[in-house]
Amino acid sequence: MSNIIRADFGLQSIPLSKDMQNHKEIADCILAIEQEADYSSIKSTNLFVMHGNKVTRMSPNYLYLVAKESERRELGMPEEYVQRLIQSQKEEAGVLVEKGVGEVVSLLSNSRIRFSMLLDTSGGVGMYRENLGTIQRYAERSGGDFAAYGGVDVKSMGALLLMAAPKRLRFAHPFSNILFHLPTTDPEAGVSKRDRRRNRKIIKGEIRDLLLDEASEEKRAEVKKKLDETLLAEKPKTPDRRVVFIGKTAEEWGILKTLDAKAMARHLVDRHQMPKEVLDQSLIRDFFAELFAHERKKIAGLFMAIFGKENDE
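Read on for an overview of the structure. (Residues numbered from 1 in each chain as written. Predicted model: local features only at pLDDT ≥ 70, side-chain atom pairs only at ≥ 80, totals over all residues. Heavy atoms only, no water.)

What about the overall build of the protein chain?
Step number 1: Tallying secondary structure elements over the protein chain gives eleven helices and eleven strands in all.
Step number 2: Long-range pairs, those at least 24 residues apart, make up 69% of the contacts in the protein chain between residues at least 6 apart in sequence.
Step number 3: Accessible area of the protein chain: about 16,400 Å², with a carbon and sulfur share of 50%. (Helix = DSSP H or I, 4+ residues; strand = E, 2+ residues; numbered from the N terminus. Contact = heavy atoms within 4.5 Å. Areas by Shrake-Rupley, 256 points an atom, 1.4 Å probe, with all protein chains shown as cover.)

Structure (structure tokens):
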């Protein structure tokens, strides 16, 4: 892997520190994203960290703090900002030790991070995406990587998180519902009309560039036509200018790879070299249970459409 961080999320390229280059142990982490992520979701207990024959369920907050401290040091931020993060790390580490899972503290601080997201979400706030962006950059700079698996619904912020993973590690189900759109600002958020317009313009450009840049060359014209009819339309069909497609269409566009529910579960197990029992962890189990049910429903619907009810005996 290159020693230069990708310039995602508006950051300049940052060289890897020697300490990070020397990380040898791998910390395997799986994050099951909430249906609706808010500002406090970085503290939700939806991160599964595998170490030895153990699985620890915790919040991603400690990993986020480690990643944020590393990023601030690499950017040459004033030491006072770094020290604040170190203090927050110590407090979070103390909580983990009290819970009897102190071994993950050293693991997450001194390892390459192999990180996977399970995305079945209707959306969330931009701050949560920025927090996971910090973790993504740290995972890649540590010599690890960052993958995304799309489930039943991959909408709004979830769709942007899916696209955050590099194409080779970006997966969805053939029947995944994927939706990009321009979010509506909370009227009580105190954001001026000018800033709302500016934010929508920025997001519109980001979605356009994401889809066009990631599409295969032979499909780019088809993707542009889709965008011209939705996101970029002079008179859009919906106020939020939504772009909707299924996983199979995204694969045909060259944007990602699709896996059925069984193949996706197997890929996750193989990627993290983990016991299959980890799939029984509640949030991970729920993700795949929903995906299997969605798959069966869609296949049954296709069967009925082709053969008709009279043959369903």
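Concerning the side chain of R271
Step number 1: Looking at where R271 falls in the secondary structure, it is placed in helix α10 (residues 261–272).
Step number 2: Residue classification places R271 among the buried residues on the basis of a relative accessible area of 10%.
Step number 3: A distance of 2.8 Å separates the side chain of R271 from the backbone oxygen of F115, its partner in a polar contact. (Buried < 20%, exposed > 50% of the residue type's maximum accessible area, 1.4 Å probe, protein only. Polar contact = N/O pair within 3.5 Å; in protein donor to acceptor, adjacent residues only side chain to side chain.)

Here's the deal with the pattern of salt bridges
Step number 1: Following the criterion strictly, the structure yields 18 salt bridges and no others.
Step number 2: Close ionic contact of R73 with E69 constitutes a salt bridge, the shortest N to O distance being 2.9 Å. Pair noted here: R73 and E69 are both in helix α2 (residues 61–74), with a separation of four residues, about one helical turn.
Step number 3: For R208, the salt bridge identified is with D209, shortest N-O distance 3.0 Å.
Step number 4: Here R208 falls in the partly exposed class, since its relative accessible area comes to 31%.
Step number 5: For D209, a relative accessible area of 33% translates into the label partly exposed. (Salt bridge = Lys/Arg side-chain N within 4 Å of Asp/Glu carboxyl O.)

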